[in-house]
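A structural walkthrough
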Amino acid sequence: MVTKIAAGNWKMNGLAASLDEIDLLLPQLNPAGALAILCPPATLLAQMAARADGGALLLGGQDCHVATSGAHTGDISAAMLRDAGAQFVILGHSERRSDHNENNADVAAKTRAAWNNKLTAIVCVGETEAERDAGVTLQIIAEQLEGSLPDETTPQNTVIAYEPVWAIGTGRTPTLNQIAEVHDFMRSALSTRFGETSGGDFSLLYGGSVKPGNAADIFAVSNVNGALIGGASLKASDFIAIWNSLSAS
Ligand code: PGA
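Residues numbered from 1 in each chain as written. Predicted model: local features only at pLDDT ≥ 70, side-chain atom pairs only at ≥ 80, totals over all residues. Heavy atoms only, no water.

**Here's the deal with the sheet that holds strand E8 (residues 226-229)**
Note the following rule: When DSSP finds two or more bridges between two strands, those strands count as paired. Strands are runs of DSSP state E lasting at least 2 residues, helices are runs of H or I lasting at least 4, and numbering of each runs from the N terminus. For helices, the axis comes from a line fit to the C-alpha atoms of the stretch in contact; other axes are also lines fit to C-alpha atoms, and the angle between any two N-to-C directions lies between 0 and 180 degrees. By definition in these notes, contact holds between two residues if any of their heavy atoms fall within 4.5 Å.
As summarised here, the arrangement of the eight strands in space is E1-E2-E3-E4-E5-E6-E7-E8, forming a closed barrel in which the pairing is parallel. Strand-to-strand twist across the sheet, computed as the mean angle between neighbouring axes with direction ignored, equals 25°. Pairing of strand E1 (residues 5-9) with strand E2 (residues 35-39) involves five bridges; the strand directions are parallel. Paired with Ala7 across the bridge in E2 is Ile37. Where helix H2 (residues 42-52) meets the sheet, it contacts E2 and strand E3 (57-61), and its direction lies at approximately 170° from that of E3.

**Description of the site of the ligand**
What counts, and what does not: Throughout, near means a residue has at least one heavy atom within 4 Å of the molecule or strand. Throughout this description, a polar contact denotes any pair of N or O atoms lying within 3.5 Å of each other; where both atoms belong to protein, one of them has to be capable of donating a hydrogen while the other can accept it, and for residues adjacent in sequence the pair is counted only when both atoms sit in side chains. Accessibility throughout is a Shrake-Rupley quantity obtained with a 1.4 Å probe, and a residue counts as covered only by protein chains that appear here. Amino acids outside the nonpolar list (Ala, Val, Leu, Ile, Met, Phe, Trp, Tyr, Cys, Pro) and the charged list (Asp, Glu, Lys, Arg) are all regarded as polar, and Gly is one of them.
Every one of the 13 residues lining the ligand counts as a neighbour, but Lys11, His93, Glu163, Gly169 and Ser209 are closest to it. Between the ligand and Gly169, the relevant distance is 2.6 Å, taken from an oxygen atom to a main-chain nitrogen or oxygen of the residue. Gly231 is positioned such that a nitrogen or oxygen atom in its backbone is 2.8 Å from an oxygen atom of the ligand. Its free accessible area being 280 Å², the ligand has 97% of it covered by the protein chains. When the residues that make up the shell around the ligand are grouped by side-chain class, the tally is four nonpolar, seven polar and two charged.

**Description of the nonpolar core**
Where we set the bar: Definition of nonpolar core: a set of buried residues of the types Ala, Val, Leu, Ile, Met, Phe, Trp, Tyr and Cys, connected through side-chain atoms within 4.5 Å. Each residue is assigned to one of three classes by its accessible area relative to the maximum for its type, calculated with a 1.4 Å probe on protein chains only: buried under 20%, partly exposed between the two thresholds, exposed over 50%.
Core analysis: the biggest nonpolar cluster contains 59 residues, and Leu38, Leu57 and Met186 have the highest contact counts within it. If we ignore the near neighbours within four places in the chain, the residues touching Met186 are Val125, Ile141, Leu145, Ile160, Tyr162 and Leu204. Residues Ile5, Ala7, Ile90 and Ala161 belong to the second largest nonpolar core, which totals 13 residues.

**Structural notes on the environment of Leu91**
Topologically, Leu91 is positioned in strand E4 (residues 88-91). With eleven residues separating them along the chain, Leu91 and Glu102 place their C-alpha atoms 9.7 Å apart. Among all residues touching Leu91, those that are not within four sequence positions of it are Asp63, Cys64, Val107, Lys110, Thr111, Ala114, Ala121, Ile122, Val123 and Cys124.

**A closer look at the packing of helix H5 (residues 104-116) against helix H7 (residues 137-148)**
For clarity, the threshold we go by: Small angles under 35 degrees read as roughly parallel and large ones over 145 as roughly antiparallel, with 65 to 115 read as roughly perpendicular and the rest as oblique. Each crossing is labelled by how the near helix is turned from the far one, with a counterclockwise turn of less than a right angle marking it left-handed and a clockwise turn marking it right-handed.
For the pair H5 and H7, the least separation of the axes is 7 Å and the interaxial angle reads 40°. One element, H5, and the other, H7, form an angle in the oblique class. Where H5 crosses over H7, the two elements pack in a sense that is right-handed. In this structure, H5 contributes Asn104, Ala105, Val107, Ala108 and Thr111 to the contact, and H7 contributes Glu143, Gln144, Gly147 and Ser148. Residue composition of the contact of H5 with H7, grouped by class: three nonpolar, five polar and one charged.

**Topic: the pattern of salt bridges**
The condition that has to hold: By convention in these notes, a salt bridge is any Lys or Arg side-chain nitrogen within 4 Å of a carboxyl oxygen on Asp or Glu.
Per the stated rule, a full pass over the model turns up twelve salt bridges. The closest approach of N and O atoms between Asp63 and Arg96, which form a salt bridge, is 3.1 Å. Within this pair, whereas Asp63 is found in the loop between E3 and helix H3 (78-83), its partner Arg96 is found in helix H4 (residues 94-99), the two being separated by 33 residues in sequence. Between Arg193 and Asp151 there is a salt bridge, with its nearest N and O atoms 2.8 Å apart. Of this pair, Arg193 sits in helix H8 (residues 176-194) while Asp151 is found in the loop between H7 and strand E6 (158-162), placing the two residues 42 residues apart along the sequence. In this structure Arg193 comes out as partly exposed when scored by relative accessible area, which is 26%. Each of Asp63, Arg96, Glu102 and Lys110 takes part in one network of salt bridges that share partners.

Written as structure tokens, this is what we have:
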């Protein structure tokens, strides 16, 4: 069974006052629908967890260090995220890959750190605009999946998010056919590597300018099992509209 997931990535946005959005969100979610996850900045994680209080909203971090603790000024470990109330962590987001030079091997090491601390990894892959223009999108996705996912990856410990870099925060999205092409490709690559049964069970999220207005169309695409949502996750009404579309899909 593939789990439908709407995951919100607040990125470096949100102050204590932003937690009021959670109070608007909580009464509208129910466990019968898609899984709802929010990944706030680490400063808000524990407070958000307290408000979510074990209900239908689950929480995640946006990155973690490979080590559990130690002399790494400014970094956050998977153990700390777990301790603050997270059950998930986004890894290998394109902003981490570009701003912090993270490569596939780094992402794989972080993925193991996440698992070791009982976090489910949300591993991101996606091509740049230059790579799409050069016609190497599927090759890039194949390399990122191969290098970022450890051999012990399962649908239970890892969720995959396809995020074309050029669609993130731009208001531009690939055509539905382009999304289908990559998602079908990922499904088959995962089935080849991890076996048909496991491969079929991975939750494959699309991310990049998902909004209430395009969500239903995207969720109707083959092998799209949910979304990783940036900007639209900051507003409870937008996030809930996307979650409703997914739950109804
Ligand atoms: P966006 O971001 O929805 O604002 O395009 C998506 C993401 O980076 O996860």
